[in-house]
Amino acid sequence: MSETVQEWAGDVRPAVVGTCQVDVNRSTRRFAAQAGQPLLKALERQNIFIPSACGGRGICRQCKVKVLQGGGAPSPVEINRLSPADLEAGVRLACQLQLQQDLQIEIDPELLTIRDYAAVVQEITTLTHDIRRFQLRLIEPKMLRFRPGQYMQLYVPIYPGSSDPINRSYSIASDPVRANRVDFIIRRVLNGTSTTFCFDYLRSADALHLSGPYGDFRLSDGASDILFIAGGSGMAPIQSMLHQMKNTHSQRKTTFLFGGNTVRDIFMLEEMRQFEKDLPNFRFIPIVANVDAGDTWTGERGLVTEAVKRLVQPGPALEAYLCGSPGMIDATVAVLARKGMSDERIFFDKFS
Ligand SMILES: Cc1cc2nc3c(=O)[nH]c(=O)nc-3n(C[C@H](O)[C@H](O)[C@H](O)COP(=O)(O)OP(=O)(O)OC[C@H]3O[C@@H](n4cnc5c(N)ncnc54)[C@H](O)[C@@H]3O)c2cc1C
């Protein structure tokens with residue numbers, strides 16, 4: 001630190017001037033940063049992108065970093081949001097940690113490979129009454145290497161009715177082989193900042209910024225049988241994994257239970273039937289919770305959890321991959337656990 005740092009009393013943060021040295025992963029990266037700014041911003045300025053989904057408010061808890069030295073005392077927000085074990089281990093929220101002195105941190109080494117991408121919207125397709133597919137073409141860099149199951153951060157600019165730029169996470173739905181393309185499957189959230197922008201303002205040929213890829217939700221390398229379970233836009237990472245399985249001529253026995261509230265919430269039936277043709281041991285089972293009297297639905301009915309109870313017999317070789325709302329995932333994991341599946345064989349990505 002090259003200048004003075006005043007005492008920090010309570011949650012009133014003093015103005016700090018000067019620069020600090022930030023050391024990442026034991027000198028893998030070192031840089032000087034203006035004191036007084038949040039660590040998350042300082043890292044972003046160095047093109048080190050830590051996942052974050054709440055605009056720096058300390059709510060999403062995605063921007064955890066481990067401080068080895070120099071972080072100062074955790075803020076009241078961090079004390080509220082982090083577990084005692086995390087606090088004990090020196091874990092901090094990068095959006096809340098204000099740079100005040102030289103700092104040494106440790107982050108997942110994979111985060112150092114994350115990049116900023118400029119993209120353009122190529123096509124927007126309506127999939128259901130509240131879900132659209134956004135196909136983006138990468139402009140700079142032109143290629144994205146990712147593992148199916150990973151997600152990107154979408155930077156949402158200020159638009160009429162919003163007050164600040166924000167960023168949100170979206171799972172990559174596209175085929176990893178088509179490295180210049182990123183598809184998102186996005187469900188509109190009532191009054192949601194990002195989804196209002198995507199649905200009401202984003203148009204074909206518009207420019208966008210992304211960073212990524214993030215996350216460790218991914219298919220295991222083994223030959224275990226696979227149970228995919230998703231609802232709504234939780235389809236996204238599963239679709240990308242199915243592309244991966246097709247590309248690698250996977251023979252794994254795979255069942256995909258896809259739940260919708262009503263018949264109009266079921267989508268991509270044609271694409272799924274095509275995967276059934278391309279993958280020798282793949283079966284897609286859509287399930288509708290509420291079938292109206294006038295619907296001609298002949299498929300499975302009920303909640304996904306009920307379908308799991310009815311249809312799934314987990315042998316020792318089964319792995320489950322779940323994606324969607326936290327409520328659906330928690331309820332389904334509980335059913336799988338009651339059926340005897342161990343935690344180590346259940347993987348999930350919560351859209352929280
Ligand atoms: C790893 C990951 C991957 C994801 N992948 C996908 C994906 O592939 N597809 C997808 O559709 N989603 C995905 N999500 C969810 C996505 O990141 C967003 O959370 C979602 O799109 C909602 O963002 P939003 O900005 O529109 O809503 P937000 O503005 O964050 O609002 C969310 C809810 O909070 C309410 N709210 C907002 N502000 C206030 C306030 N001040 N007071 C009261 N209520 C308020 C809104 O009305 C809304 O109901 C993913 C999430 C994660 C963590």
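Criteria and thresholds
Throughout this document, residue positions are counted from 1 along each chain, in the order its sequence is written. Only residues with pLDDT of at least 70 get local features here, since the model is predicted, and only at 80 or more are side-chain atom pairs given and counted; chain-wide, interface and lining totals rely on the full set of residues. Just so you know, side-chain values use all the structure's heavy atoms and leave hydrogens and water out. In this analysis the probe radius is 1.4 Å and the grid spacing 1 Å, with only protein atoms considered; a cavity is a set of points the probe fits into but cannot get out of, a pocket is an open set with protein on both sides within 12 Å along at least five of seven lines, and lining residues have an atom within 4 Å of a point. Grid points are joined across faces, edges and corners, and a volume is the space filled by probe spheres set on the points. Numbered from the N terminus, helices here are DSSP runs of H or I no shorter than four residues, and strands are runs of E no shorter than two. Residue classes follow a fixed rule: Ala, Val, Leu, Ile, Met, Phe, Trp, Tyr, Cys and Pro count as nonpolar, while Asp, Glu, Lys and Arg count as charged, and any other residue, Gly among them, counts as polar. These domain boundaries are the output of an automatic or database domain assignment. At least two DSSP bridges between two strands are needed for those strands to be called paired. Helix axes are fitted only over the stretch in contact, all axes being lines through C-alpha atoms; the angle between N-to-C directions runs from 0 to 180 degrees. Contacts were defined at the residue level, with two residues in contact if any of their heavy atoms lie within 4.5 Å. Every residue is assigned a pLDDT by the predictor, reflecting its confidence on a scale from 0 to 100. Only protein chains enter the area calculation, which uses a 1.4 Å probe; residues under 20% of their type maximum are buried, those over 50% are exposed, and those in between are partly exposed. The handedness rule is simple: strands pointing away from the viewer, and a clockwise path from the first strand over the helix to the second, make the crossover right-handed. In this description, buried area is defined as the sum, over both parts, of the accessible area (probe of 1.4 Å) that is lost when the two are combined. We define a salt bridge as a side-chain nitrogen of Lys or Arg found within 4 Å of a carboxyl oxygen belonging to Asp or Glu. Side-chain atoms alone can form a polar contact between residues adjacent in sequence; in general such a contact is a pair of N or O atoms within 3.5 Å, and within protein one must be able to donate a hydrogen while the other accepts it.

Attention now moves to the layout of surface pockets. Counted as a void, the second largest pocket has a volume near 370 Å³. Taken together, 16 residues line the second largest pocket, and the ones lying closest to its centre are K41, E44, G55, P165 and N167. Contributing elements (two or more residues each) for the lining of the second largest pocket: helix 1 (39-45), strand 8 (151-156) and strand 9 (166-171). If one sorts the elements of the lining of the second largest pocket by residue count, helix 1 sits on top with 3 residues. For the lining of the second largest pocket, the per-class residue count stands at 8 nonpolar, 5 polar and 3 charged. Each of domain 1 (19-111) and domain 2 (114-214) contributes no fewer than three residues to the lining of the second largest pocket.

The next point concerns the sheet that holds strand 11 (residues 207-214). Paired through backbone hydrogen bonds, the strands of a sheet run either parallel or antiparallel to each other. As summarised here, the arrangement of the 6 strands in space is 9-8-11-6-7-10, forming an open sheet in which the pairing is antiparallel. The sheet is open, and its two borders are formed by strand 9 and strand 10 (181-187), each paired with just one other strand. On average, each strand axis in the sheet is tilted by 40 degrees relative to the strand beside it, whichever way the strands run. Lying over the sheet, helix 4 (residues 193-200) contacts strand 7 (131-140), strand 8, strand 9, strand 10 and strand 11, oriented at roughly 75 degrees with respect to strand 9. Most of the contacts of helix 5 (residues 235-247) go to strand 10, to which it runs at about 145 degrees, and overall it touches strand 7, strand 9 and strand 10.

Overall, the prediction assigns the protein chain a mean pLDDT of 92, with 95% of residues at 70 or greater. Counting interchain partners and residues more than four positions distant, the pLDDT-below-50 stretch residues 2-12 has 20 contacts.

Right, let's get into the pairing of strand 13 (residues 254-260). Taking burial as the measure, the 7 residues of strand 13 include 6 buried ones, the bulk of the element. In terms of strand pairing, strand 12 (residues 225-231) meets strand 13 through 6 bridges, oriented parallel. Within strand 13, the residue paired with A230 across the bridge is F258. This β-α-β element, strand 12 to helix 5 to strand 13, shows right-handed connectivity. Examined bridge by bridge, strand 13 and strand 14 (residues 282-288) share 7 bridges and lie parallel to one another. Opposite L257, over in strand 14, you have I285 as the bridge partner. Chirality of the crossover, the property in question, places the unit of strand 13, helix 6 (residues 269-278) and strand 14 among those that are right-handed.

Right, let's talk about the environment of E344 for a bit. Note that E344 resides in the loop between helix 8 (326-338) and strand 17 (346-350). Judged by its relative accessible area of 62%, E344 falls in the exposed class. Each C-alpha atom of the pair E344 and S27 lies 34 Å from the other, and the pair is 317 residues apart in sequence.

It is worth spelling out the domain arrangement of the protein chain at this point. Domain parsing of the protein chain yields domain 1 (19-111), domain 2 (114-214) and domain 3 (225-350). Counting the surface lost from both domain 2 and domain 3, the interface buries some 1,400 Å², and carbon and sulfur atoms represent 57% of this. Inspection of the domain 2/domain 3 interface yields 1 salt bridge. Among the ionic pairs, E271 bridges to R133, the shortest N-O distance being 3.7 Å. Our count for the domain 2 to domain 3 interface comes out at 5 residue pairs in polar contact (both at pLDDT 80 or more). Contributing elements (two or more residues each) for the side of domain 2 that touches domain 3: strand 7 and strand 10. When residues of the side of domain 2 that touches domain 3 are assigned to their parent elements, the largest contribution, 3 residues, is made by strand 10.

Of note, the bond from E140 into P141 is cis; its omega dihedral lies within 30 degrees of zero at -15 degrees. Structurally, P141 can be placed in the loop between strand 7 and strand 8. Its identity as a non-glycine residue notwithstanding, N25 has a phi of 50 degrees, on the positive side. Note on placement: N25 falls in the loop between strand 1 (19-24) and strand 2 (29-34). Positive phi, normally seen in glycine, also occurs at R61, with a value near 60 degrees. By the element assignment, R61 lies in the loop between helix 1 and strand 3 (64-69).

Glancing now at empty space enclosed by the protein. Counted under the stated rule, the structure contains 1 cavity of 30 Å³ or more. As a volume, the largest cavity reaches approximately 30 Å³. Around the largest cavity, the lining residues are F134, L136, L154, F184, I186, C198, L202 and L208. Of all the secondary structure elements, the ones that give two or more residues to the lining of the largest cavity are strand 7 and strand 10. Grouping the amino acids of the lining of the largest cavity by side-chain chemistry returns 8 nonpolar, no polar and no charged.

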